[in-house]
Amino acid sequence: MSSLSQFISDLASGAVRVVDLTQPLGPDTPVIGLPEIFAPSPGLSVKQISRYDDDGPGWYWNTITMGEHTGTHFDAPVHWVTGKDLPENRCDTIPVGRCVGPACVVDVSADCNADPDFLITPDRIEAWEAEHGRIAGGSWFLMRTDWSKRSDPASFLNVAADGPHSPGFRPDAVELLIERDVLGVGVETIGTDAGQAGGFEPPFPNHTLMHGAGKLGLASLTNLDQLPATGALVVAAPLRIVDGSGSPLRVVAFIEG
Ligand code: MN
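Read on for an overview of the structure.

Cut-off values and rules
Residues numbered from 1 in each chain as written. Predicted model: local features only at pLDDT ≥ 70, side-chain atom pairs only at ≥ 80, totals over all residues. Heavy atoms only, no water. Pairing = 2+ DSSP bridges. Helix = DSSP H or I, 4+ residues; strand = E, 2+ residues; numbered from the N terminus. Axes fitted to C-alpha atoms, helices over the stretch in contact; angles between N-to-C directions. Contact = heavy atoms within 4.5 Å. Donors = N, O, S within 2.8 Å, 3.2 Å for Na, K, Ca; no water. Buried < 20%, exposed > 50% of the residue type's maximum accessible area, 1.4 Å probe, protein only. Polar contact = N/O pair within 3.5 Å; in protein donor to acceptor, adjacent residues only side chain to side chain. Salt bridge = Lys/Arg side-chain N within 4 Å of Asp/Glu carboxyl O. Phe/Tyr/Trp six-rings, centres within 6.5 Å; stacked < 30°, edge-to-face > 60°.

Another point: the sheet that holds strand β14 (residues 246–248). Spatial strand order, β1-β15-β13-β5-β7-β11-β12-β4-β14: nine strands in an open sheet with mixed pairing. Each of the sheet's edge strands pairs with one partner strand only, and the pair in question is β1 (16–20) and β14. Looking at each pair of strands side by side, their axes are set apart by 25° on average, direction ignored. Bridge analysis of strand β11 (residues 184–186) against strand β12 (residues 216–219) gives three bridges, and the strand direction is parallel. Bridge pairing in β12 places Gly-186 opposite Leu-218. On the sheet, helix α1 (residues 3–13) packs against β1 and β15 (252–256) and is oriented at approximately 75° with respect to β1.

Take a look at the structure:
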């Protein structure tokens, strides 16, 4: 039997399961807040075209409007100025093969529960590697924070007088992941940088360094607590928007058992 035939058979038998890493997307889906001097990104709005009525007696459909970076979404390298001139850096030109890869899932949920500003460090990543093996090139690096369990938007955004507080990456941790040649990182928070990352050096290190290295981002994932540390296969392919900087998407993981 070929490996793909085996995979299809394992899917049918339940030996391989599909886990949905995607949040529901609706008008109440929170969007990232920016300082008022910058243009905001709109959340999702839905306008009905017809619903089995005079505008279309046999069919139902809607018009949707939203920013590209809404809900569970994909960040292309062109999203950041550091990635703007790279080849194959947009939603329509990234080879689809780069959207599929094994997942390395690092559980820092206890740290984030204790400290919402928790930042993952190279030491923490290397400790994970000592237990699970070196991160292979072409892997998705998924940071499990359990932040997706914050179902209330205010708690999810966690904005205080001095700005948002949510976990993320220390710059040297991003550098290590680039060295490992990951496909990109995936997080449960609204964006792939920590809430306070605007004040880091460099600012927004994950966006600045990862996209500058041609790597991808996945934000607002959920169900990372259902994944093993290694052994899951993740498919995260954005809409093929021409010149797109990112897109909402359905992210799925295949796991054993
Ligand atoms: Mn984004």
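Turning our eyes to something else, we now look at the coordination of the manganese ion. Coordination sphere of the manganese ion, protein contribution only: His-69 (ND1), His-73 (NE2) and Asp-75 (OD), at 2.1 to 2.3 Å. Sequence positions of the donors to the manganese ion reduce to the motif H-x3-H-x1-D. For Asp-75, a relative accessible area of 2% corresponds to the buried category.

The topology assignment puts Glu-188 in the loop between β11 and α6 (205–212). Among the polar contacts made by the side chain of Glu-188, one reaches the main-chain amide nitrogen of Asp-146 at a distance of 2.9 Å. Here the side chain of Glu-188 touches Trp-147 through a polar contact of 3.3 Å, landing on its backbone nitrogen. Residues contacting Glu-188, with those up to four places away along its chain left out, are Met-143, Arg-144, Thr-145, Asp-146, Trp-147, Ser-148, Phe-156, Ser-220, Leu-221 and Leu-224.

Below, the discussion takes up the pattern of salt bridges. Summed over all chains, the structure comprises 13 salt bridges. Arg-124 is the salt-bridge partner of Asp-111, the closest N and O atoms lying 3.1 Å from each other. Separated by 13 residues along the polypeptide, Asp-111 in helix α2 (residues 109–114) and Arg-124 in helix α3 (residues 122–132) bring together distant segments of the chain. We classify Asp-111 as partly exposed; its relative accessible area is 24%. Relative accessible area serves as the criterion here: at 27%, Arg-124 is assigned to the partly exposed category. Here Asp-146 ties to Arg-144 by a salt bridge, and the two come within 2.9 Å at their closest N and O atoms. Arg-144 carries the same exposure label as Asp-146, and that label is buried. One salt-bridge network, in which partners are shared between bridges, spans Asp-107, Arg-144, Asp-146, Lys-149 and Asp-225.

This paragraph deals with the packing of aromatic side chains. The final tally for this structure, using the stated rule, is four aromatic pairs. Measuring from ring centre to ring centre gives 5.2 Å for Phe-7 and Phe-254, while their planes differ by 70°; the resulting arrangement is edge-to-face. Remark: Phe-254 occurs in strand β15 and Phe-7 occurs in helix α1; sequence separation between them is 247 residues. A residue is classified by how much of its surface remains accessible, and Phe-7, at 25% relative accessible area, is partly exposed. According to the relative accessible area criterion, Phe-254 is buried, its value standing at 17%. Both rings, one in Trp-80 and one in Phe-204, keep their centres 5.8 Å apart while their planes meet at 65°; by these two values the pair is edge-to-face. Here Trp-80, found in the loop between β4 (73–75) and β5 (100–107), pairs with Phe-204, found in the loop between β11 and α6; they are 124 residues apart in sequence, far enough to count as distant.

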